[in-house]
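# Coordinate analysis (summary)
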Amino acid sequence: LQLTAVITAGLLLLYILLCYEDFHFRVAHVYAHLGYSNAQHILGQRYLQGAGVEKNEDMAMHWFRQAAGQGHPHSSFNLAVGALRNMTVALEEGEAEKLLSIAAAHGLREAQQLLENLLKSRSHP
């Protein structure tokens, strides 16, 4: 029984070492479905970059939307940028500004700059 446990643990460790990207993706996927915003953000990043998974902007935006719905600042920023770049379905009127405001309030300078530029461009057509 002990030998079986040692062999199983060794194989699991070997899998994790050799297939880290896949293992990380699978674990993040489980936590994302459980509602963890950090895991949802990780999945969004992985799909956006095609890191360990086939690149899929629709799936990336789906997971960013899930995390942004819970106030995740980086996902809020990514979802707003995705909408501005037409990578996702259109946001409601003012939603991009709201998402950028959330991200900016958490210290994301890029979000603050983009929000300022967006507001300037809308006030000076």
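Going by the structure above, here's the rest.
Each chain has its residues counted from 1, following the order in which its sequence is written. Whole-chain, interface and lining totals are the exception, using all residues; otherwise, since this is a predicted model, local features are given only for residues with pLDDT of at least 70 and side-chain atom pairs are given and counted only at 80 or more. Excluded from the side-chain calculations are hydrogens and water; all other atoms, namely the structure's heavy atoms, are used.

## Side note on the nonpolar core
So the rule is basically this: In this text, buried Ala, Val, Leu, Ile, Met, Phe, Trp, Tyr and Cys residues form a nonpolar core when linked through side-chain atoms within 4.5 Å. Burial status follows relative accessibility: with a 1.4 Å probe on protein chains alone, a residue under 20% of its type maximum counts as buried, one over 50% as exposed, and anything between as partly exposed. Contact definition: two residues touch when any of their heavy atoms are within 4.5 Å.
Among the nonpolar cores identified, the biggest contains 28 residues, and Phe77, Leu79, Leu100 and Ala111 are the most heavily contacted of them. Leaving out residues up to four positions away in the same chain, Leu100 has contacts with Phe77, Ala80, Ala111, Leu114, Leu115 and Leu118.

## Structural notes on the packing of helix α3 (residues 37-49) against helix α4 (residues 57-68)
The criterion, for reference: With axes taken as lines fitted to C-alpha atoms, and helix axes fitted only over the stretch in contact, angles between N-to-C directions fall between 0 and 180 degrees. Strands are runs of DSSP state E lasting at least 2 residues, helices are runs of H or I lasting at least 4, and numbering of each runs from the N terminus. Note on angle classes: values under 35 degrees are labelled roughly parallel, values over 145 roughly antiparallel, values of 65 to 115 roughly perpendicular, and the remainder oblique. Crossing handedness is defined as follows: a turn of the near helix away from the far one that is anticlockwise and smaller than a right angle gives a left-handed crossing, while the clockwise case is right-handed.
Between α3 and α4, whose axes approach to 8 Å, the crossing angle comes to 160°. One way to sum up the angle between α3 and α4 is to call them roughly antiparallel. Crossing of α3 against α4: the hand is left-handed. The residues of α4 that touch α3, namely those facing Ser37, Gln40, His41, Leu43, Gly44, Gln45, Tyr47 and Leu48, are Glu57, Met59, Ala60, Met61, Trp63, Phe64, Gln66 and Ala67.

## Looking at the packing of helix α5 (residues 73-84) against helix α6 (residues 95-105)
Here is the rule: When residues are grouped by polarity, Ala, Val, Leu, Ile, Met, Phe, Trp, Tyr, Cys and Pro land in nonpolar, Asp, Glu, Lys and Arg in charged, and all others, Gly among them, in polar.
At a minimum axis separation of 8 Å, α5 and α6 run at an interaxial angle of 150°. As α5 runs across α6, the sense of the crossing is left-handed. Here Pro73, Ser76, Phe77, Leu79 and Ala80 of α5 come into contact with α6, specifically with Ala96, Leu99, Leu100, Ile102 and Ala103. Taken together, the residues that form the contact of α5 with α6 break down as nine nonpolar, one polar and no charged.

## Things to note about α4
What counts, and what does not: In a helix, the anticipated span is given by 1.5 Å times the number of residues less one. Comment: arc refers to directions from the helix axis out to C-beta atoms. We define a polar contact as two N or O atoms separated by no more than 3.5 Å, with the added condition that, inside protein, one atom must be a possible hydrogen donor and the other a possible acceptor, whereas residues neighbouring each other in sequence contribute only through side-chain atom pairs.
Taking 1.5 Å of rise per residue, the twelve residues of α4 would be expected to cover 16 Å, and the 16 Å separating its terminal C-alpha atoms lies within 8% of that figure. Within α4 the residues assigned to the buried category are Ala60, Met61, Trp63, Phe64, Ala67 and Ala68. Here the buried residues of α4 occupy an arc of 165° about the axis, which is enough to place them on one side. Where α4 begins, the side chain of Asn56 points an oxygen toward the backbone nitrogen of Asp58, at a separation of 3.1 Å.

## Overview of a nonpolar patch on the surface
Our working definition: Patches here are clusters of residues that have more than 30% relative accessible area and form no salt bridge, with a 9 Å joining cutoff for like charges and a 5 Å cutoff for nonpolar side chains (Val, Leu, Ile, Met, Phe, Trp, Tyr). All accessibility values rest on the Shrake-Rupley procedure with a 1.4 Å probe; residue burial counts only the protein chains present in the view. The working definition used for a salt bridge is a side-chain nitrogen of Lys or Arg within 4 Å of a carboxyl oxygen of Asp or Glu.
The grouping of Val27, Val30, Tyr31, Leu34 and Tyr36 at the surface amounts to a nonpolar patch, some 500 Å² of accessible area in total. Considering the arrangement of structural elements, one finds Val27 in helix α2 (residues 20-33).

## Re the packing of aromatic side chains
Selection rule: When the centres of two rings from Phe, Tyr and Trp lie within 6.5 Å, Trp using its six-membered ring, the rings pair. Their planes under 30 degrees apart give stacked, over 60 give edge-to-face, and anything left gives tilted.
Under the defined criterion, the tally for this structure stands at two aromatic pairs. Centre to centre, the rings of Phe25 and Tyr47 are 5.7 Å apart; their planes meet at 80°, and the pair counts as edge-to-face. Taken together, the residues Phe25 in helix α2 and Tyr47 in helix α3 connect sequence positions 22 residues apart. Across this residue pair, the class does not change: Phe25 and Tyr47 are buried.

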